[in-house]
Amino acid sequence: MNGQIQPEERATCYYVDVTISNQPLLEILSEYPKKFIMFHAPRGSGKSTRVIALMEQLNKMDYVCLYATIQSIDVDHTNINQFWHEFGRELSITNWAERNAVNLNTTNDVTDWLSIDNKEFFGSDKVILIVDDFDKLYSAPTTLRDEILGVLRALKPQCGTTSCLWGFIAVGPCSILKLTQQSASPFNISDAFLAQSFTEEQVINLFGEFFKDKFLGNWDQRIAEDIYERTSGHAGLVCFCGKQIQQQIERGEIEFTTYDRWIEFAAKELPLTLQTQ
């Protein structure tokens, strides 16, 4: 509910280390090429933050991760060539901080760009392409959606052989799983990966760190336990509750270290605050 946490922001905010929960996905991707993964979770549950951590982990394993989102591409009013052009621009801006590092205008351009002959450009033959907001394709016109999925399907057998592409990760809410039902889809439902919610222990440790840093070491652990129960560990909602507590403490309400004050706030004020978000 508060956007992805970039690596440079970690020193200034409280967060849960998700690298351990990423381990199963790392093992799947590194086992062998041609893995096309659907990385899904409810909206606001920290998918993009997890993807950033995953990219850092993969980079340390000598993979080259390229990230792009299709959120800003108008899939309702574009053709296949225009889509690839816009996608290339997103890749350029996100990964090379310039507009024309990747010049894609046709389907053939995509294949040529990822070709093993272009290995020098990437500096590796193990490229993992990560595309966020992939669920947007589901609302695209059928012809465009099938063409895009068809291109990805054609690339899949080339992974690790004639292509630098090693794997592909589609990121989005649970609705992206519907794309596995499309005949042109390169995705298999068995390769879907659900991003895990926070555990109760992670939520308790997170708030324990927060209260300790605020010199409020006598906080009641039941606050974190109640937040976990209310949110089921949903990252965005846990973050929202933490933000509300921080704001109240900054206003001088030290009573927020007590369980009774939190329960009162959660029952009366929290729902109203949530409705305004």
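Each remark here, short or long, concerns the structure printed above.
First things first, this report covers the structure right here in the doc. (Residues numbered from 1 in each chain as written. Predicted model: local features only at pLDDT ≥ 70, side-chain atom pairs only at ≥ 80, totals over all residues. Heavy atoms only, no water.)

1. Some remarks on the side chain of His40
Along the chain, His40 falls in strand S1 (residues 35-40). Since its relative accessible area comes to 8%, His40 is described here as buried. Among residues more than four places away in sequence, those in contact with His40 are Lys47, Gly172, Pro173, Cys174, Ile176, Leu177, Ala192, Phe193, Leu194 and Ala195. (Helix = DSSP H or I, 4+ residues; strand = E, 2+ residues; numbered from the N terminus. Buried < 20%, exposed > 50% of the residue type's maximum accessible area, 1.4 Å probe, protein only. Contact = heavy atoms within 4.5 Å.)

2. Some words on the pattern of salt bridges
With the rule as written, the count across this model stands at seven salt bridges. The shortest N-O distance in the salt bridge between Arg43 and Asp135 comes to 3.0 Å. Of the two residues, Arg43 sits in the loop between S1 and helix H2 (47-60) while Asp135 sits in the loop between strand S3 (127-132) and helix H6 (142-155), which places them 92 residues apart along the sequence. Across the pair Arg230 and Asp226 runs a salt bridge whose closest N-O atoms are separated by 2.4 Å. Pair noted here: Arg230 and Asp226 are both in helix H8 (residues 222-231), with a separation of four residues, about one helical turn. Residue Arg230 is classed as partly exposed on the basis of its relative accessible area of 41%. The exposure class assigned to Asp226 is buried, which follows from its relative accessible area of 10%. The network of salt bridges with shared partners includes Arg261, Glu264 and Glu269. (Salt bridge = Lys/Arg side-chain N within 4 Å of Asp/Glu carboxyl O.)

3. Section: the packing of aromatic side chains
Taken as a whole, this structure holds 16 aromatic pairs when the rule is applied. Both rings, one in Phe36 and one in Phe168, keep their centres 5.5 Å apart while their planes meet at 20°; by these two values the pair is stacked. Here the residue Phe36 occupies a position in strand S1, and Phe168 occupies one in strand S4 (residues 165-172), the gap between them amounting to 132 residues. Of the two residues examined, Phe36 and Phe168, each falls in the buried class. Ring plane angle 65° and centroid distance 5.2 Å describe the contact between Trp113 and Phe122, whose orientation is recorded as edge-to-face. Residue Trp113 shares its accessibility class with Phe122, and that shared class is buried. The rings of Phe36, Phe134, Phe168 and Phe187 are connected pair by pair, giving a single aromatic cluster. One Lys or Arg, Lys126, reaches over the ring of Trp166 and ends 4.8 Å from the middle of that ring. Sitting over the ring of Tyr138, Arg145 keeps its end group 5.8 Å from the ring centre. (Phe/Tyr/Trp six-rings, centres within 6.5 Å; stacked < 30°, edge-to-face > 60°. Lys NZ or Arg CZ within 6 Å of the ring centre and 35° of its normal.)

4. Thoughts on the environment of Val75
Secondary-structure assignment places Val75 in the loop between strand S2 (64-69) and helix H3 (80-96). A residue is classified by how much of its surface remains accessible, and Val75, at 1% relative accessible area, is buried.

5. Considerations on the pairing of S1
For S1, a buried count of six out of six residues is recorded, marking the element as mostly surrounded by other parts of the structure. Residues Lys35, Ile37 and Phe39 of S1 are buried on one face, and the alternating residues Phe36, Met38 and His40, pointing to the opposite face, are buried as well. As judged from the six bridges shared by S1 and S4, these two strands associate in the parallel manner. Its bridge partner being in S4, Phe39 is matched across the sheet by Val171. Strand direction decides the pairing type here: S1 and strand S5 (residues 192-194), joined by three bridges, are parallel. Paired with His40 across the bridge in S5 is Leu194. (Pairing = 2+ DSSP bridges.)

6. Some thoughts on the side chain of Arg50
Take Arg50: it is sitting in helix H2. Buried within the structure, Arg50 lacks any salt-bridge partner; its nearest side chain of opposite charge belongs to Asp17, at an N-O separation of 8.7 Å. Those residues in contact with Arg50, other than ones at most four positions away along the chain, are Val18, Ser21, Asn22, Phe39, Ser45, Ala195, Gln196, Ser197 and Phe198. (Lys, Arg positive; Asp, Glu negative; His and termini not counted.)

7. A closer look at the packing of helix H1 (residues 23-31) against H2
Relative placement of two packed helices is described by the angle separating their axes and the distance separating the axes. The N-to-C vectors of H1 and H2 enclose an angle of 45°; their axes lie 11 Å apart at closest approach. As the angle between them shows, H1 and H2 are arranged oblique. When you trace H1 past H2, the crossing you get is right-handed. For the pair formed by H1 and H2, the contact residues are Gln23, Leu25, Leu26 and Leu29 on the first element and Leu54, Gln57 and Leu58 on the second. (Axes fitted to C-alpha atoms, helices over the stretch in contact; angles between N-to-C directions. Parallel < 35°, antiparallel > 145°, perpendicular 65-115°, else oblique. Left-handed = near helix turned anticlockwise from the far one by under 90°.)

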